[in-house]
Amino acid sequence: MYNMKTILIIILSIFISMYAFSQEARAFISDRLRIFYVINGNLPASTANNVIQLNNQEIYNHQFNGNFWTNSALAGSQAMAKALLCEKSNGGDFYLQVWASRLLSISGKIVYVYLIDDSSNPITNWNNAWTHYGACQGPNGCWPCAIGYAANPSSSDAQLALAAGQLAMGNFYFTKADDGGSVGINEFKKGVFLHELTHTQDNSNARDHLFLIGSKYYNYGSDGTHYYAEVLPNLASGFKESLANFPQMGYNRYGKHSPYVVSFNSFASDGGLLVEAAPVGITSGDVAFANELIALKIPKKDVTMNGNKYFQFDYKNLPVKYIIRNEMVMGMIFYNCRFYMKADVFWTAINSSNHQFYRASSWPVDITFLELCRAAKPSEMAETAIGLGVSRSEGNPYFFPLALCDFFTSFRAKDEAEFGTIFENTSLLKPYIDAYWVLRPTIKEKVGNKKTQAAIESIKQELGFN
């Protein structure tokens, strides 16, 4: 039994460690972010006094000087800057800082952040706003978006040497109501910042060239956008969004409108997934995969999303190769890998796979899952089905990423070949899939029909790792 004095010392030590880590995280963020206040997004960046770089060191020291801080219309943007760089007593957000600093360490490079005042100066010249600040057009203003230079073929070597990318957020986004009617900055919107920040670190190629028909790209379908509940035509695009979703899930795990809670509840209740109707004149291929689902006579509902035709299918009726294309499904898989696997193992895998994506049109899903499995495997263990299948007292954590793929596709794969359709080039993962498939009946029986967080815990226990 610990006495009260010992307990107080332990608690004090924890607070001291958290404070030290917070200071370290804030300092790293201050060093890596270049935050710019854009007065009018319609004007070129060369316009005198239109773009003002914020002084990170002053914000870090809780000094708020200049036009950015005196403009009462910018309360949301001001709160975002404080959340990233200040101590809690001055608006800092410890968990946001932890996630942001960890993400920035993936590349270790500078990221440019443009906070655009589209409240005082609504954007009408979207060509200028995009060209100069990377601003994306939203329903009523600048929608949060990012550019990762390594994944952008037009990026120059000089850009890549200095910076990882850029992101833009309009002040109107911080002032508008979210889905729950909450106006102003909150955990959901700060989570969106992490989502966009992740895009700047992601080297993977979206493989858009595979979805170019005529002069139009269909990697996000005909409408060029994506929804949390959508099954995308392009698995690589789904991967990029899912990779950006998991930090958002981790930061806003229990908050209002938590992306993880909302998505997990939809999965657990066999909720609907959206599929955009095939473009007119295109009848085959991944762009028109809705036609394949219709041909299979899978029950559906017709729905309209912002004027565009979609179909809604239940999770339980979709083939696994399509379920995995939903960005929230793969996002939940990555989130649980991070939550249950050792932090150093997880981030080693992410860094290793991201390095392999650099300026390469590769298989991002397969490589990432291979590295997640590989990072959890003892280095001396043979990477063969026989070697991986050896029973170990330390457990088999290297199967956990594959088991999560199985769980979040409801164990619907009828055989190993169908399970392989979750991935792009199954040969990369074949030894792991072969060995996992031997254990799969036991894991499936252990989980049963349960779609709960406790069921994921039972998978971890069955694989025998801490």
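Up top you'll find the structure we're talking about.
An account of the accompanying structure is given in this report. (Residues numbered from 1 in each chain as written. Predicted model: local features only at pLDDT ≥ 70, side-chain atom pairs only at ≥ 80, totals over all residues. Heavy atoms only, no water.)

### Brief notes about the environment of Lys377
Link 1 in the chain: On the secondary structure map, Lys377 appears in the loop between helix H16 (364-375) and helix H17 (385-388).
Link 2 in the chain: Overall, Lys377 belongs to the buried group, its relative accessible area being 11%.
Link 3 in the chain: As for Lys377 and Pro247, which are separated by 130 residues in sequence, their C-alpha atoms are 24 Å apart. (Helix = DSSP H or I, 4+ residues; strand = E, 2+ residues; numbered from the N terminus. Buried < 20%, exposed > 50% of the residue type's maximum accessible area, 1.4 Å probe, protein only.)

### Details of helix H9 (residues 187-201)
Link 1 in the chain: Taking 1.5 Å as the rise per residue, H9 with 15 residues should run 21 Å; its terminal C-alpha atoms sit 21 Å apart, in good agreement.
Link 2 in the chain: Here H9 lies mainly inside the structure; 14 of its 15 residues are buried.
Link 3 in the chain: You can read the cap of H9 off the contacts: a side-chain oxygen lies 3.2 Å from the backbone nitrogen of Phe188, and it is on Asn186. (Expected span 1.5 Å × (residues − 1). Polar contact = N/O pair within 3.5 Å; in protein donor to acceptor, adjacent residues only side chain to side chain.)

### What about the state of the cysteines?
Every disulfide links exactly two cysteines, by a covalent bond between their sulfur atoms.
Link 1 in the chain: Applying the stated criterion across every chain yields a total of 1 disulfide.
Link 2 in the chain: Across a sulfur-sulfur distance of 2.4 Å, Cys136 and Cys145 are joined as a disulfide pair. On the sign convention where negative means left-handed, the S-S torsion of about 105 degrees between Cys136 and Cys145 marks this disulfide as right-handed.
Link 3 in the chain: Not part of a disulfide, Cys142 finds its nearest cysteine sulfur in Cys145, a span of 5.7 Å.
Link 4 in the chain: Here Cys142 falls in the buried class, since its relative accessible area comes to 2%. (Disulfide = S-S within 2.5 Å.)

### Things to note about the packing of aromatic side chains
Link 1 in the chain: With the rule as written, the count across this model stands at 39 aromatic pairs.
Link 2 in the chain: Ring centres of Phe94 and Tyr95 lie 5.2 Å apart, and the angle between their planes is 70 degrees; this geometry places the pair in the edge-to-face category.
Link 3 in the chain: Here Tyr95 falls in the exposed class, since its relative accessible area comes to 52%.
Link 4 in the chain: A ring pair is formed by Phe369 and Phe423, whose centres lie 5.7 Å apart and whose planes are at 70 degrees; its orientation type is edge-to-face. Linking Phe369 in helix H16 with Phe423 in the loop between helix H19 (416-420) and helix H20 (430-447), this pair joins segments that are 54 residues apart in sequence. Here Phe369 and Phe423 have matching classes, each one buried.
Link 5 in the chain: Through successive ring pairs, a cluster of aromatic residues spans Tyr260, Phe264, Phe267, Tyr315, Tyr335, Phe339, Tyr340, Phe400, Phe407, Phe408 and Phe465.
Link 6 in the chain: Above the plane of the ring of Phe64 lies Lys82, whose end atom (NZ or CZ) is 4.5 Å from the centre. (Phe/Tyr/Trp six-rings, centres within 6.5 Å; stacked < 30°, edge-to-face > 60°. Lys NZ or Arg CZ within 6 Å of the ring centre and 35° of its normal.)

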